[in-house]
Amino acid sequence: MKLNLQQEESRPVFPKRAVITAGMPYGNKELHFGHIGGVFVHADMFARFLRDRIGKENVLFVSGTDCYGSPIVETYMQLVSKGEFSGTIEEFVIENHQKQKDVLDAYKIDIDLFAASGIGRSAEIHREVSEDLIRKLYANGHLIKMTTSQFYDSEREVFLNGRQVVGQCPIEGCSSEKGYADECSLGHQYQPVDLINPRSTLSGKKPEMRDVTNWYVDLEKFYPLLQKWVEDLKTDPSSRDFAIKSIEEFLEPPVIYVKKEFLEEIEPLADLLPPYEITDSGKKSSLPMSFHSLEEREKACDILSQHGIRFRTGKTLVPFRLTGNIEWGVPAPSLEGTEGLTIWVWPESLWAPISFTKTALEMKQSEDNWEKWWCSSDAKVYQFIGQDNVYFYGPAEMSIFMGLQGKDSVYPAPEGAIQTPELIVNNHVLFLNKKAGSSSAVKPPMAGELLEHYMPEQLRAHFLGLGLGIRSVSFQPKPLNPKARESDSDPVLKEGNLLTNVFNRVVRSCFYTAQKYYDSQIPAGDISVEIIEEARKTVLEVERLIYRYEFHLVMNALDLYIRNTNKYWVRNIRQAEEENDDTLRRQVLIDCFYMVRIAAILMHPIAPEGTEMIREYLGADESFWSWDRIFEPVNAFTKAGHKLKFLEPREDFFKKHPSQFSSK
Ligand SMILES: [Zn+2]
């Protein structure tokens, strides 16, 4: 009966300590369903699993509200001008932060710290971390100062930032709906001057260009190291192919796309232009001209413009902007006389998890320093992100972290330097087949709204079952779908039904039978060999799947296991009752309590409330959840002669939402 987990061959190895992050929800509104369903539930499931697997004290799950930047200022000013908000911008952000926090609680997201980059102690620490980090990058020679032209609204007499300018993305083949001042809604970066048809959102007029000086991270320098990193990702079976592909797009050599009809005009310029290569694939109307460096491409851009040749630039590693002139931001240190700048919101949100780790450790009065969690090969940082943010958490973040090593950086990072975080990139969760934010007849719901129709555990199970690691998937809640017919079943309840129907039924049956025949005790005796074998196989399978972040397959494996448990129960208990066979009844109960125990621990990260209720009724202590003891039976966690808590008739471990009863 005693199985030693450690002796199993080819089991995945987990780190000694883990930091989990789930991006930073932006502070201009409450959370929409995509925040919860696309990132937070996955991160939370993984964090909860690791707490059971490597010990609660070795896991830190941190995130927080992204408080700064121009979209917040914009939303705030709009609300104030409409008379819908009367406080300060800080109060506006605090209000949104509180709403976000409440929704995370409602979904049982068990986060060690949900902080805010601009509020309270975490904001103070974040300022220190930001200043320190930028000074280090500067001292290490990884920052460059560049003067560029920025959009300026001469009617309003202000510089325009980010989303205050809209136009079309200049990147070849981009399908984004909007291009903003220097990035499009798909995260492509470009020089503001390249934005097509710019318009100020303040005055509606075409803005003018004025010179500004800012600091940038020299990403191009990290190109060879980023390539090594991508090569590693390719050999790692837990990496997602689509994510690797989109990272690689940013690592392509500097390219200019020109239309075929301009080729004749370019040829005579060959002597003026830096060395280039043109690849003619035959089919496409635009051809790529590739250059050796970004600098040479910039030179070529100038020359082509001077000769009136139209072109578009391809994705490549351009300098990553660190500073800007939005007042509502973290102050940037003054370097070489650049006074009064603030840090652009994207870079500071990339290192905010470090600030939050420090804050969390301080709040726990831990003696650990943050480096123990970020800079040790014993530890690992897991970042759950959406596919739109791959550029920032990928090439940009990795370069910044590597740049902190010193003048010369290496990959993989040496002990004591920030270790390369693991990125778990999810595809989009669409709403009724539309991407969130796109205009459609039915507005995508806020996360809180869904709880008017579903229990949090039903939604958690559903979001995990979507398979966002493979492709974007549409979320189709029947109560919010105008096209759903009365007779349709609700696709969102598919996974939840496993809990509220099948699992709930078998757990209740075990308790009622123990109450009826065995004085509320689990009968003593050995668990059947085939039951132990199935448990072992399932546990190891689930462990392997979680290690590879294949959460939808975890749901499938649990579906199979719980349905098998139920079948085993139904088939054998009927026979025991019919033949009044007490030996069989005892054995079925012993076996099924064991299967309930195994299913509960595997389901614990997914449905924490229902499984905690199972533990409470079993009367087991907290070590019930420890994977170190995962194969031990329930009796190992209770005193001899222990009686189960009495289960009243019709008591549910996994509950349905009140609205789901009337529709039956
Ligand atoms: Zn674009």
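A few points on the structure. Residue positions within a chain follow its written sequence, with the count starting from 1. Residue-level local features of this predicted model are given only where pLDDT is at least 70; pairs of side-chain atoms are given and counted only at 80 or more, and the full residue set underlies all totals for whole chains, interfaces and linings. With hydrogens and water stripped out, all remaining heavy atoms of the structure feed into the side-chain values.

## Topic: the packing of helix α1 (residues 33-54) against helix α13 (residues 456-465)
Two measures define how a pair of helices packs: the angle their axes make with one another and the distance between the axes. The line we're drawing: Inter-axis angles, ranging from 0 to 180 degrees, are taken between N-to-C directions of lines fitted to C-alpha atoms, where helices are fitted over the stretch in contact. Only DSSP runs of H or I covering at least 4 residues are called helices, and only runs of E covering at least 2 are called strands; the numbering of each starts at the N terminus. Reported orientations rely on four angle classes, namely roughly parallel under 35 degrees, roughly antiparallel over 145, roughly perpendicular from 65 to 115, and oblique for the rest. Any pair of residues with heavy atoms lying within 4.5 Å of one another is described as a contacting pair. Residue polarity is assigned by list, with Asp, Glu, Lys and Arg as charged and Ala, Val, Leu, Ile, Met, Phe, Trp, Tyr, Cys and Pro as nonpolar; anything else, Gly included, falls into the polar class.
As a packed pair, α1 and α13 sit with axes 9 Å apart at the nearest point and diverge in direction by 100°. When the axes of α1 and α13 are compared, the pair comes out roughly perpendicular. In this structure, α1 uses Ile-36, Gly-37, Val-41, His-42, Asp-44, Met-45 and Arg-48 to contact α13, whose residues at the interface are Arg-460, Phe-463 and Leu-464. A per-class count over the contact of α1 with α13 returns 5 nonpolar, 2 polar and 3 charged.

## Things to note about the sheet that holds strand β11 (residues 286-290)
Going by this rule: Should DSSP find at least two bridges between two strands, the strands are taken to pair.
Reading across the sheet, the 4 strands line up as β10-β11-β9-β12 and stay open at both edges, with antiparallel pairing between neighbours. Whereas interior strands pair on both sides, the edge strands pair on one side only; in this sheet they are β10 (277-278) and β12 (311-313). Pairing analysis gives 5 bridges linking strand β9 (residues 255-259) to β11, with the strands arranged antiparallel. What sits directly across from Tyr-257, in β11, is Pro-288. The strands touched by helix α8 (residues 294-306) within the sheet are β9, β11 and β12, with β9 carrying the most contacts at an inclination of about 25°.

## A short note on the state of the cysteines
To keep things clear, this is the line we draw: Disulfide assignment relies on a single distance test, namely cysteine sulfur atoms paired within 2.5 Å. Burial status follows relative accessibility: with a 1.4 Å probe on protein chains alone, a residue under 20% of its type maximum counts as buried, one over 50% as exposed, and anything between as partly exposed.
One pass over the structure, following the stated rule, counts 0 disulfides. With no disulfide of its own, Cys-301 has Cys-169 as its nearest cysteine by sulfur position, at a separation of 14 Å. Assessed through its relative accessible area of 10%, Cys-301 is described here as buried. Here Cys-510 is not disulfide-linked; the sulfur of Cys-592 is the nearest cysteine sulfur, at 5.0 Å.

## Quick notes on the environment of Gly-403
Summarising the element assignment, Gly-403 is placed in helix α11 (residues 390-403). What makes Gly-403 buried here is its relative accessible area of 0%. Spatially, the C-alpha atom of Gly-403 lies 9.9 Å from that of Ile-418, the residues being 15 residues apart in sequence. Not counting the four nearest positions on each side in its chain, Gly-403 is found in contact with Leu-137, Asn-140, His-142, Phe-222 and Ser-409.

## Examining the pattern of salt bridges
Put simply, the rule reads: The term salt bridge refers to a side-chain nitrogen of Lys or Arg lying within 4 Å of a carboxyl oxygen of Asp or Glu.
Using the criterion set out here, one finds 36 salt bridges in the structure. A salt bridge links Lys-234 to Glu-248, with the nearest nitrogen and oxygen atoms 2.8 Å apart. Pair noted here: Lys-234 is in helix α5 (residues 223-235) and Glu-248 is in helix α6 (residues 241-250), with a separation of 14 residues, a long-range link. A relative accessible area of 41% means that Lys-234 is categorised as partly exposed. When its relative accessible area of 30% is taken as the criterion, Glu-248 is described as partly exposed. Residue Asp-368 is joined to Lys-372 by a salt bridge in which the shortest nitrogen-to-oxygen separation is 3.2 Å. Of the residues examined, Asp-368 reaches a relative accessible area of 23% and is grouped as partly exposed. Classification of Lys-372 by relative accessible area gives partly exposed; the value is 34%. Three or more residues joined by partner-sharing salt bridges are found here, namely Arg-51, Asp-110, Asp-112 and Lys-364.

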